[in-house]
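Descriptive structure summary
Residues per chain are reported as follows:
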Amino acid sequence: KTKKSKASQAASTAAAPETPKLDKGELKAAIVRHLHCTLGTDENKANNHAWWKATCAAIQELVLEGLRKTQKSHYFNDTRAVHYFSAEFLMGRLLSNNMHNLNLFETANDALTELGISLTDVLEEEPDMALGNGGLGRLAACFIDSLATMEMPAIGYGIHYEHGLFRQEIKNGAQIERPDSWRDYGNPWEICRPESIQEVSLYGYVETKYGDNGRIQKEWHPGSIVKGVPWDIPVVGYGGKTVNVLRLWQSQSSGYFNWDVFNAGGYVDAQVENVQAETISKVLYPNDETEAGKELRLIQQYFFCACSLKDIIRRYKRAHGDDWSRFTDQVVIQLNDTHPAIAIPELMRILVDRAELDWDKAWQICTKTFAYTNHTLLPEALEKWPARMLEKILPRHLEIIYEINHRFMAEVEKKWPGDNAIKSKLSIIEESSEKMVRMGNLSVIGSFRVNGVAEIHSMLVKKNLFPEFDQLWPEKLTNVTNGITPRRWLKACNPALSALIDKKIGDQWPLNLSQLTELAVYADNKTFQKQFMKVKQDNKVALAQTIKELTGLTVNTDAIFDIQIKRLHEYKRQHLNLLHILALYRRLLENPSYDMHPRVFIFGAKAAPGYTLAKDIIFAINKVAEKINNDPRVNTKLQVVFLPNYRVSLAEKMIPAADVSEQISTAGKEASGTGNMKLALNGAVTVGTLDGANIEIAEEVGDDNIFIFGLTVDEVAELKRKGYSPDDYYYKNAEIKAILDWLETDYFTPGKPGALASVKHSLLSGGDPYLCLADFDSYSAAQEQVDAAYRDKTRWAKMAIMNTAMMGKFTSDRSIKDYVDRVWNLTACIVEN
Ligand code: H2P
């Protein structure tokens, strides 16, 4: 089913980290100095939190030196830069990452040890920067790491959310959302830049005027103005030479504190405006179900795009004045999904209304500036805004969108004369009962390049999502397969494996991940297999300890650690995994000598607060886990763990310990996946469908080193075309029927029959939109193969090694190189030290 391909070479321009800039003594002194002078405490009083802050401050000194030099180089070389616009950046923790990238990790460890402090404990003090939901936001974080590492001039632009993704607690099996506060008492990495504050307009109306030359002019009279305050997070490249920034905007009231109202006793009234303005950057949206939520989300998007564009233009004008002719030589903007698509009409507004350029000239600039990444084919995730909402919040932008559309429709008419069906499909405006603005179409029309995130996804974007756009502009649609940074996702998170690899093939692999193929010659080597599997075993023991701390459960570390970690969504099919667990449970009850290697199934997932079925699935997993883990008839062979509050820092503990990686989405639904890459890189073997980047992983590792199951994209389409009926599987397959019926009893929820029934019902009678039942048998068979393979220790060790060895293609350095070649046309800027 899969073919072997040569891993593409990720040519990194960066050099390996040099000798650390500080020795142990100097770092020790710097940490103590910050403990005294920055934190006003001392070695005897300081707790781990204070030590963490002092260590961050000591490291930040070097980071800022790099930042200053980088900015100077970029300024003097007047470099072209990419501006990565993203509503999400899932950065996780920064201290360990920054120390690794500055080659100071060992030094810091030694320095703190001499001070009687454990670096591991200190690292645990850092809250995750969880300014994202999942893969999309983490991808942005990996990309800015690679950009800095490859010495590319780049800025990330996003929102300085006061609260990132909610903290998940599990109470009686159910998900409870609690506010995340990542910067309650300040964050040591961020720098506020009041000198670069921007103002953003909202609401109001548009006045049409006639200029002296008879030219129609539009003037937007805003109803309110908010301030955007920039916070810079330095992004340290591996080797520490280039330090780029992630600039996040915080909203603030532009009005002054209303002193008169306050003095007259209106203590609350005096602050209403502030509260309204500050609401914009208050929370990261996990969903947008309410009308108010939707409106706020649109405002968030516009807010950060408008601030960022002003920032970019200010920088451009500093070098080039009012001459717009070089703008597209200097600036490229990558739109991470459609969330920042409103930047397209905003740039048009600036160019036409403010700079008074002709429409055609402005449009030329615009369509040479923007490129757009599509991350999903799911219709519900393709953003649309009611025209009336845009009219209220951004009246001038709606006019501009209509004008863009009007001109585009003329182009469509030329290509397909008289074809109204194509027009209504390609139009930015959807003429439904409520007029909607389609941000996907706007993004394609306003960009010079559009990419999907894995080969198959990009093919489906061309074939199913935007086929007519592809006919109209055959060069526009392309692919850039996602990647992950090997610095965080192997070197930092799996130090023992990294050290083993260093010993075998040298320490340059973090910059040139294709070098890992050199490990393949050792895949059959007994000694190396032993060393490799010893590392895995130690990592499993460490994860078992974390599981114990977080859930109280003692897991069997000789069991297969089978891990599924990702956002909870029906298309990702955590419930297919659950059905299989229930099948194993039944088989064990019916036949106590049922032959299987012990397995621990481990989940980590957050469900969007408004996504009821996703929360029901979490509840079901937890209830089934409780039953199985407490059932002595089976719990020596089968255990189930749901780790609460899945996030980057927890992923860093889980991934190195995985034997099996669950990548089981319905074919055609997972655009790429990136967890699949992280797990395989750390020597986990994938059980997966032919979906997203799984297909490319299979090509790299070869059919012998992956367990592929399930319907293909074409088979899924065929089954849906014929009419899929889950009930057929339910009535014909006794095991499926028994499992689903079991969920309706009170077996897992004593005294509360039906508590898990929603999961069953979602899979029957016109349900099961993601074909769990259709893929069940094939999945179950693949799992039997996993079981057999694992029992053959030599075979398994070889598979695990081959997975690590063949992941070179999936470094985000290669993704960035692809973007540079296919989209951005950037050159590296070597920063003088
Ligand atoms: C999404 C896609 C993934 C993709 C990722 C990055 C939206 O992430 O679904 O398939 O790998 O973007 O391109 P996620 O589901 O993890 O939130």
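Residues numbered from 1 in each chain as written. Predicted model: local features only at pLDDT ≥ 70, side-chain atom pairs only at ≥ 80, totals over all residues. Heavy atoms only, no water.

1. Regarding the sheet that holds strand S16 (residues 429-431)
If you trace the three strands from one edge of the open sheet to the other, you get S15-S17-S16, paired in antiparallel fashion. The sheet is open, and its two edges are formed by strand S15 (384-386) and S16, each paired on a single side. On average, each strand axis in the sheet is tilted by 30 degrees relative to the strand beside it, whichever way the strands run. Inspection of the sheet shows S16 paired to strand S17 (residues 435-438) by three bridges, in the antiparallel sense. Opposite Ile-429, over in S17, you have Val-437 as the bridge partner. Here helix H16 (residues 439-446) sits on the sheet and contacts S15 and S17; the angle it forms with S17, its principal contact strand, is near 40 degrees. (Pairing = 2+ DSSP bridges. Helix = DSSP H or I, 4+ residues; strand = E, 2+ residues; numbered from the N terminus. Axes fitted to C-alpha atoms, helices over the stretch in contact; angles between N-to-C directions. Contact = heavy atoms within 4.5 Å.)

2. Observations concerning the sheet that holds strand S20 (residues 560-565)
Sheet architecture is open: six strands sit in the order S22-S21-S20-S23-S24-S25, paired in parallel fashion. Each of the sheet's edge strands pairs with one partner strand only, and the pair in question is strand S22 (638-642) and strand S25 (707-708). Taken together, the five bridges between strand S21 (residues 599-604) and S22 define a ladder with parallel strand orientation. By the bridge assignment, Arg-599 is partnered in S22 with Leu-638.

3. Considering the environment of Ile-560
Counting through the fold element by element, Ile-560 comes out in strand S20. When the C-alpha positions of Ile-560 and Trp-509 are compared, they lie 28 Å apart, and in sequence the two are 51 residues distant.

4. A word on empty space enclosed by the protein
For the coordinates displayed, the defined rule picks out eight cavities of 30 Å³ or more. Considering only enclosed or pocket space, the largest cavity measures out at about 100 Å³ in volume. Lining the largest cavity we find Met-91, Leu-94, Asn-97, Asn-98, Arg-138, Ala-141, Asp-145, Pro-234, Val-235, Val-236, Thr-485 and Arg-488. Residue assignment for the lining of the largest cavity shows that the elements contributing at least two residues are helix H3 (95-101), helix H6 (135-149) and strand S11 (224-236). (1 Å grid on protein atoms, 1.4 Å probe; cavity = no way out; pocket = protein on both sides within 12 Å on 5 of 7 lines; lining within 4 Å. Points joined across faces, edges and corners; volume = space filled by probe spheres on them.)

5. Considering unusual backbone geometry
Phi at Glu-151 takes a positive value of approximately 60 degrees, unusual for a residue other than glycine. The topology assignment puts Glu-151 in the loop between H6 and strand S4 (154-159). In this structure Glu-151 comes out as buried when scored by relative accessible area, which is 5%. Phi at Tyr-203 takes a positive value of approximately 60 degrees, unusual for a residue other than glycine. Here Tyr-203 shows up in the loop between strand S8 (198-202) and strand S9 (205-210). Take Tyr-203: its relative accessible area is 25%, and that puts it in the partly exposed class. (Buried < 20%, exposed > 50% of the residue type's maximum accessible area, 1.4 Å probe, protein only.)

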